[in-house]
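# Structural overview for review
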Amino acid sequence: MSHLSTRALRARRTTPDDGRQRGIISDLERRRPVTRVILICVQGAVLIGLILSGLMPLLWLARAAVAPSQDILSDPLGLFMNPTFQWENLAEAWTRARIGDVLGNTAIVALGTTAATLVVSFSCAYVLSVLRPRWAPALNVGIMVTLFIPGVISLVPLYLTVVKLPILGVSLINNYAATWLPAAANAFIILIVKRFFDAVPRDLVEAARIDGAGPVRILVSVYLPLSAPIAGVVALLTVVASWKDFLWPLLVLPSPSRQPISVALAKLDGNTALNVQLAAMFLALLVPVLLFMVFQRQFLQGAGMAGAVKG
Amino acid sequence: LSRWIAHGGLASVLLALPAILVFGFFSWWPILRGVIMAWQKTNLVQAPTWVGWSNFEYVLGNPLLGQAVLNTLQFVVLSLVIGFPVPIVLAILISEARRGKAFLSALAYLPVVVPPVVAILLWKVFYDPSATGLLNAMLAPFGIGPFPWLNSTAMAMPSLVIQATWAAAGSTVIIYLAAITGVSPELYEAAELDGAGLWGKVWHVALPQLRGVILVVLLLQIIGATQVFAEPFLFTGGGPNNATLTVLLLIYNYAFVYGDYGAASALSALLAAALAVFSMAYFLLTRRASR
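For clarity, every value in this text was computed on a predicted model and none was experimentally measured.

A count of helices and strands for chain A gives 17 helices and zero strands. With the C-alpha coordinates aligned to their principal axes, the bounding extent of chain A is approximately 75 × 70 × 35 Å. Across chain A, every contact between residues at least 6 apart in sequence was considered, and the portion connecting residues at least 24 apart equals 72%. For chain A, the exposed area adds up to about 14000 Å²; of that, 65% sits on carbon and sulfur atoms.

Next comes the structure, spelled out in structure tokens:
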């Protein structure tokens, strides 16, 4: 059944991966020597430009993370030729700047957000796409309308809501749930899971129903086994988004023992030796970049889906 | 009732409950409360009181507001001038590569996965205003600079925009790339029969086919750039001399520095109202596209 799920994922415009289809330039044009030379030059320029702008800053950070502060300040461009390596920067960032603890906090924030987002989006998408009770359209509109309301309107009241939850009257400040739950109210994620469920053939549901399976059984035994690819994309998007988040954890996790990496780095700025700060930034970068290198295809799929929804 | 349960009514409610709860507590109620609070005086101790339009009057009377609006507009316009054409051109060029398309896309997307705080603090080092600063040292061989970058009122905002574009362009490139792949090759063939050259195919076939996506991305860029926060907050704190003070920074200061939640809500409501035009256009466009 896995071909079903991959087809559903590829349903619209995803990243190209084959040379079979022609693009703007025809094969005939490609054979002309002039076009070929120009094409090679332009593509070489694109490659070099992307390496210089996309890769070099991060490589520089990796090099500067293990360099002496004076060298970083006096000759930043010469760092790549510099023979001095200060590996102790990393150890100092890990222990003295507490990056080890802070990365642990970040992992708690990211994994909790992912779990909450998966539960909310899968159960909700199942109701909207498959069960479709009479009130489903109203719920659908209520969720989708949040896509179109500028986030700024709810920043301050959301903070006050977390300070004292209505009805329950408890405060979630310095509680990790304050980062998990608001992020789970994500209309875009629900939309892409719902579209994925929409592409699953109805016959499967009917067959299971005839076998006497109830709604929950159908979710668990028909939909969830098919959902690994979309769950992967959702998990990656959520982990990286919460790894990147800055303003919200700054507000709701003020205690230094709870701070995730972005908040801790901003606090380091200006009162730590430059090389230790850069080492801390390098350590902060490792997890998202490694995730991206391993799951490149899923990342680009997720980004392409954003386009399919937006277009 | 038992029939309703047997028909899965109860299961639907229970399965929808997580979404209804998180949206209710953390999305619908805060949005509503934000509108209400604009007309209230709220602190965390006493019950809120209605104060009419006085929050709006107070916010609009702030002498810094005009500057913040102009700065925000400057940020938006500059990020469109730099950040709008670059991804389209890049996406078209990458889409025409025969080999290494995946590698080029990955390179373009790489900055997007960098946490903004890391990216901003890294660019802060690049923007070192001394002659030995990284960017100044790079430009020196061409006889340009050294520039004061973030330290000058004229250059601070463009410097913020350059970093913000670096950080965001990759995701736009991927969106355009996906859309270009969806253009049917027959259209190019038809254009060729009509005698169209390379430029003609880009201008008269590819770009018109991408019109919908381009428009939506443009709207989202405007909406996103207007709510810029991390860049001015971390790069400059709004300085030098308020040159990078944005509307969102003002809102942050009202709420989280001065504790004036009413004023912050009033300004948020004004900003959201200004963005409503773009939100409406975005809504209509996506609805038409999904029909």
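Okay, back to it.
Our next topic: the overall build of chain B. In terms of regular secondary structure, chain B is built from 15 helices and two strands. Reported as C-alpha extents along the three principal axes, the dimensions of chain B are approximately 70 × 70 × 30 Å. Looking at chain B as shown, the accessible area adds up to about 13000 Å², and 69% of this sits on carbon and sulfur atoms. Between the averaged position of the 12 positive side-chain charges in chain B and that of its 9 negative side-chain charges there is a distance of 10 Å.

With that out of the way, let us pick up the pattern of salt bridges. Overall, the coordinates contain six salt bridges over all chains when judged by the stated rule. Across the pair A:Glu206 and A:Arg209 runs a salt bridge, and its minimum N-O distance is 3.6 Å. With A:Glu206 and A:Arg209 both in helix H11 (residues 202-210) and three residues apart, this pair spans about one turn of that helix. What makes A:Glu206 partly exposed here is its relative accessible area of 39%. Across the pair B:Lys201 and B:Glu192 runs a salt bridge whose closest N-O atoms are separated by 2.6 Å. Judged by relative accessible area, which is 23%, B:Glu192 ranks as partly exposed.

Before going further, it helps to spend a moment on the packing of aromatic side chains. Per the stated rule, a full pass over the model turns up 30 aromatic pairs over all chains. Consider the rings of A:Tyr159 and B:Phe256, whose centres lie 4.9 Å apart with planes at 90 degrees: the pair is edge-to-face. In this pair, A:Tyr159 is assigned in helix H8 (residues 152-163) and B:Phe256 in helix H14 (residues 247-257), connecting two distinct chains. Ring geometry for A:Tyr176 versus A:Trp180: centroids 6.5 Å apart, planes at 15 degrees, classification stacked. Assessed through its relative accessible area of 12%, A:Tyr176 is described here as buried. Given the relative accessible area of 27%, A:Trp180 is considered partly exposed. Linked through ring pairs, A:Trp60, B:Trp123, B:Phe126, B:Tyr127, B:Phe147, B:Trp149, B:Trp166 and B:Phe235 together constitute an aromatic cluster.

On to the nonpolar core. Judged by nonpolar contacts, the single largest core of 169 residues is most densely connected at A:Trp60, A:Tyr223, A:Leu265 and A:Leu278. If you tally residues by element for this core, the top one is helix H6 (residues 99-131) of chain A, at 15 residues. Grouped together as the second largest cluster of nonpolar side chains are 28 residues, B:Ile92, B:Ile94, B:Ala191 and B:Ala206 included.

The next point concerns helix H13 (residues 228-244) of chain A. For H13(A), built from 17 residues, the straight-helix expectation of 24 Å at 1.5 Å per residue is met to within 8% by its first-to-last C-alpha distance of 24 Å. Of all the residues in H13(A), the buried ones are A:Ile230, A:Val233, A:Val234, A:Leu236, A:Thr238, A:Val239, A:Val240, A:Ser242 and A:Trp243.

It is worth spelling out a nonpolar patch on the surface at this point. A contiguous nonpolar surface patch, about 840 Å² in accessible area, is contributed by A:Trp135, B:Leu1, B:Trp4, B:Ile5, B:Leu10, B:Leu14, B:Leu17, B:Ile20 and B:Leu21. Those elements that provide at least two residues to the nonpolar patch are helix H1 (2-6) and helix H2 (9-37) of chain B. Its location among the elements puts B:Leu14 in helix H2. Accessibility expressed as a relative area gives 51% for B:Leu14, which makes it exposed.

A few words now on H14(B). Residue pairs spaced three or four apart in an α-helix point in one direction, given the helix's 3.6 residues per turn. Residues and elements named next belong to chain B. Of all 11 residues that make up H14, eight are buried, and the element is covered over most of its length. Val-247, Leu-248, Leu-249, Leu-250, Ile-251, Tyr-252, Tyr-254 and Ala-255 are the residues of H14 that are buried. Taken from the residues just after H14, Gly-259 is the one with a positive phi, measuring 70 degrees.

On the chain B side, the residues contacting the 101 residues of chain A number 99 residues. If you look at where chain A meets chain B, you find one salt bridge. Between B:Lys124 and A:Asp269 there is a salt bridge, with the nearest N and O atoms lying 2.7 Å from each other. Seen at the junction of chain A and chain B, the total is 14 residue pairs in polar contact (both at pLDDT 80 or more). Class assignment for the residues of the side of chain A that touches chain B results in 71 nonpolar, 21 polar and nine charged.

Before going further, it helps to spend a moment on the packing of helix H3 (residues 33-64) of chain A against helix H16 (residues 274-294) of chain A. Residue and element names in this part refer to chain A. The N-to-C vectors of H3 and H16 enclose an angle of 125 degrees; their axes lie 8 Å apart at closest approach. Considering the angle they form, H3 stands oblique to H16. In terms of crossing hand, the pair formed by H3 and H16 is left-handed. Here H3 contributes Leu-58, Trp-60, Leu-61, Ala-62 and Ala-64 to the contact with H16, which in turn contributes Leu-278, Met-281, Phe-282 and Leu-285.

Here is what the cut-offs are and how they apply
- Residues numbered from 1 in each chain as written.
- Chains lettered and ligands numbered in written order.
- Predicted model: local features only at pLDDT ≥ 70, side-chain atom pairs only at ≥ 80, totals over all residues.
- Heavy atoms only, no water.
- Helix = DSSP H or I, 4+ residues; strand = E, 2+ residues; numbered from the N terminus.
- Contact = heavy atoms within 4.5 Å.
- Areas by Shrake-Rupley, 256 points an atom, 1.4 Å probe, with all protein chains shown as cover.
- Lys, Arg positive; Asp, Glu negative; His and termini not counted.
- Charge placed at Lys NZ, Arg CZ, Asp CG, Glu CD.
- Salt bridge = Lys/Arg side-chain N within 4 Å of Asp/Glu carboxyl O.
- Buried < 20%, exposed > 50% of the residue type's maximum accessible area, 1.4 Å probe, protein only.
- Phe/Tyr/Trp six-rings, centres within 6.5 Å; stacked < 30°, edge-to-face > 60°.
- Core = buried A, V, L, I, M, F, W, Y, C linked by side-chain atoms within 4.5 Å.
- Expected span 1.5 Å × (residues − 1).
- Patch = residues over 30% accessible without salt bridge, like charges linked within 9 Å, V, L, I, M, F, W, Y side chains within 5 Å.
- Polar contact = N/O pair within 3.5 Å; in protein donor to acceptor, adjacent residues only side chain to side chain.
- Nonpolar A, V, L, I, M, F, W, Y, C, P; charged D, E, K, R; others polar.
- Axes fitted to C-alpha atoms, helices over the stretch in contact; angles between N-to-C directions.
- Parallel < 35°, antiparallel > 145°, perpendicular 65-115°, else oblique.
- Left-handed = near helix turned anticlockwise from the far one by under 90°.

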